[in-house]
Amino acid sequence: MLDQSALRSGPESGSLAASPRPVQPPSGDGNRPDPDGSAGGDGDGRVGSDGRPESAGGSDIAHELGHAGGRGRAGTGRREDVGHGAGPCVRAPVGEAGHGATRPGPLEMQQAALYATHNDAGTAILLAAMERTGVRRLVLASSVAVYGEGRYRAGRSGPFFPGLRRRGDLDRGLFDHRAPRTGELLTWEPLGEDAPLRPRSAYAASKVAQEHYALAWVASTGSAATVLRYHHVYGEPVDARRIRSAESAVTARFRADLRAGRAPQVFEDGGQVRDFVHVRDIAAATVAAVERRLAGFVPLNIASGRPLTLWEVAATMSKALNGPSPIVTGHYRITDIRHLVADPERARHALDFTARITPAAGLAAYAANSADSR
């Protein structure tokens, strides 16, 4: 059951758990807003402000599987606002430095060929080899990024799956989606696995392509594929020298800022809703998917079921370190996603999986561990 209470606003001769040579997005230079989600922007983000990778990636999930199986600048003048269900926050005044749009750079699409080569061509090569050798089961590591924007409703109308928000609205600080005909404010609701896939980045597009290759393989061979759409993953890395994963850059950025004594920078109004899931829960879900022989093509949302706003995430981490309050910058990227929360019920029924680590406790511990590692 999704917990919204904290928010206001064929024959088988073998099996394989794989995301073949998963390529994670590159880290940026730490001196400009990243094209796909740094500084508390979209959860499909990339970089950390200190240039060092610190979050859970593919190898970290593999490591946990072993255990389970065995940037905008705020203006100088500030005013106090009420945070999104978690206490006071500091907001940069409209019109001062740091408020407004940050424009995506060329980095993301320049990496598209790399994502396609490894995530997509790699998956096709793997599936061909599985067909030749008679391996008939696949557990595929996918991503919540495949959905793009979330699902919404207005009163008795909907559901709505809106596209990009208008730049003029964003410039005025109107960040929420509205009904196309009435202008009524839309509220988010959980996404099921049958929701349309509308990727907003090259990385997300490569994950959609992976799923489509797996679906075609299932249809043509009578095999089975369980597709795990991991939500925003966080947790300690196995190797701090590795680049971070697409799912975890926001928490890594917040932790890097707090480690350096800086206030975490949160985009828009801080009210963007996401679901953060610990890498140990991700590993447990993956083990369950390997052990449970589900027939056909089965996509599953792997999430905590306890969504938070990005401001709440930053505030939780800051409180754990007695750090400065988050700064809400008003920055936005035109491709950013407002709310993205998926329903984990299908995974609970299919895999008997429920996340054990609550985001409130897990994020606090993750932040506190940064102090211990200094």
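Scroll up to find the structure this text is about.
Now for a look at the structure at hand. Treat the numbers as computed from the prediction; the structure is a model and nothing was measured.

A cis amide bond links Gly158 with the next residue in sequence, Pro159, at an omega value of 10°. Inspection of the secondary structure assignment puts Pro159 in strand S6 (residues 157-160). Positive phi is not limited to glycine here, since Glu268 has a value of about 50°. Here Glu268 is to be found in the loop between strand S10 (265-266) and strand S11 (273-274). Residue classification places Glu268 among the buried residues on the basis of a relative accessible area of 1%. You will see that Asp352, though not glycine, has its phi angle at about 55°, which is positive.

Time to look at the nonpolar core. In this structure, Leu228, Tyr230, Leu300, Ile302 and Leu351 are the most contacted members of the largest nonpolar core, which totals 20 residues. When residues of this core are traced back to their parent elements, those giving at least two are strand S4 (137-143), strand S8 (224-230), helix H7 (279-291), strand S13 (297-302) and helix H9 (345-351). In terms of residue count, H7 provides more of this core than any other element does, five residues in total. Judged by nonpolar contacts, the second largest core, of 15 residues, contains Ala252, Phe254, Val266 and Tyr366.

Relative to each other, helix H3 (residues 112-133) and helix H5 (residues 202-221) sit at 15°, their axes nearing to 9 Å. In terms of orientation, H3 lies roughly parallel with respect to H5. As for how H3 packs across H5, the hand of that crossing is right-handed. For the pair H3 and H5, the contacting residues are Ala112, Tyr115, Asn119, Asp120, Thr123, Ala124, Leu127, Met130 and Glu131 in the first and Ala202, Tyr203, Ser206, Lys207, Ala209, Gln210, Tyr213, Ala214, Trp217 and Thr221 in the second.

This brings us to the side chain of Ser318. Secondary-structure assignment places Ser318 in helix H8 (residues 310-320). When its relative accessible area of 3% is taken as the criterion, Ser318 is described as buried. Looking at Ser318, its side chain comes within polar contact range of the main-chain oxygen of Pro324, at 2.5 Å. Non-local contacts of Ser318, meaning those with residues more than four positions away in its chain, are made with Leu258, Gly323, Pro324 and Ser325.

Moving on, we get to H8. By the criterion of burial, H8 is predominantly enclosed, with eight of the eleven residues buried. Looking only at H8, the buried set comprises Leu310, Trp311, Glu312, Val313, Ala314, Ala315, Met317 and Ser318. Asn322, located one to two residues past H8, shows a positive phi value of around 55°.

Moving on to the pairing of S13. Among the six residues that make up S13, five are buried, leaving the element largely enclosed by the rest of the structure. Judged from the six bridges that link them, S8 and S13 form a sheet pairing that is parallel. Its bridge partner being in S13, Thr226 is matched across the sheet by Val298.

The next thing to look at is the environment of Trp188. Of note, Trp188 is situated in strand S7 (residues 187-189). On a C-alpha basis, the gap between Trp188 and Val341 in space is 7.9 Å, while along the polypeptide they are 153 residues apart.

Within this structure, the stated rule accounts for 16 salt bridges. Among the salt bridges present, the one from Arg262 reaches Asp257, with a minimum N-O distance of 3.0 Å. On the basis of relative accessible area, Asp257 is assigned to the buried category, the value being 4%. When the shortest N-O distance is used, the salt bridge between Asp352 and Arg292 registers 4.0 Å. One end of the pair, Asp352, is in the loop between H9 and helix H10 (359-372); the other, Arg292, is in the loop between H7 and S13, with 60 residues separating them in the sequence. Look at Arg292 and you get partly exposed, because its relative accessible area is 36%.

Conventions and cut-offs
Residues numbered from 1 in each chain as written. Predicted model: local features only at pLDDT ≥ 70, side-chain atom pairs only at ≥ 80, totals over all residues. Heavy atoms only, no water. Helix = DSSP H or I, 4+ residues; strand = E, 2+ residues; numbered from the N terminus. Buried < 20%, exposed > 50% of the residue type's maximum accessible area, 1.4 Å probe, protein only. Core = buried A, V, L, I, M, F, W, Y, C linked by side-chain atoms within 4.5 Å. Axes fitted to C-alpha atoms, helices over the stretch in contact; angles between N-to-C directions. Parallel < 35°, antiparallel > 145°, perpendicular 65-115°, else oblique. Left-handed = near helix turned anticlockwise from the far one by under 90°. Contact = heavy atoms within 4.5 Å. Polar contact = N/O pair within 3.5 Å; in protein donor to acceptor, adjacent residues only side chain to side chain. Pairing = 2+ DSSP bridges. Salt bridge = Lys/Arg side-chain N within 4 Å of Asp/Glu carboxyl O.

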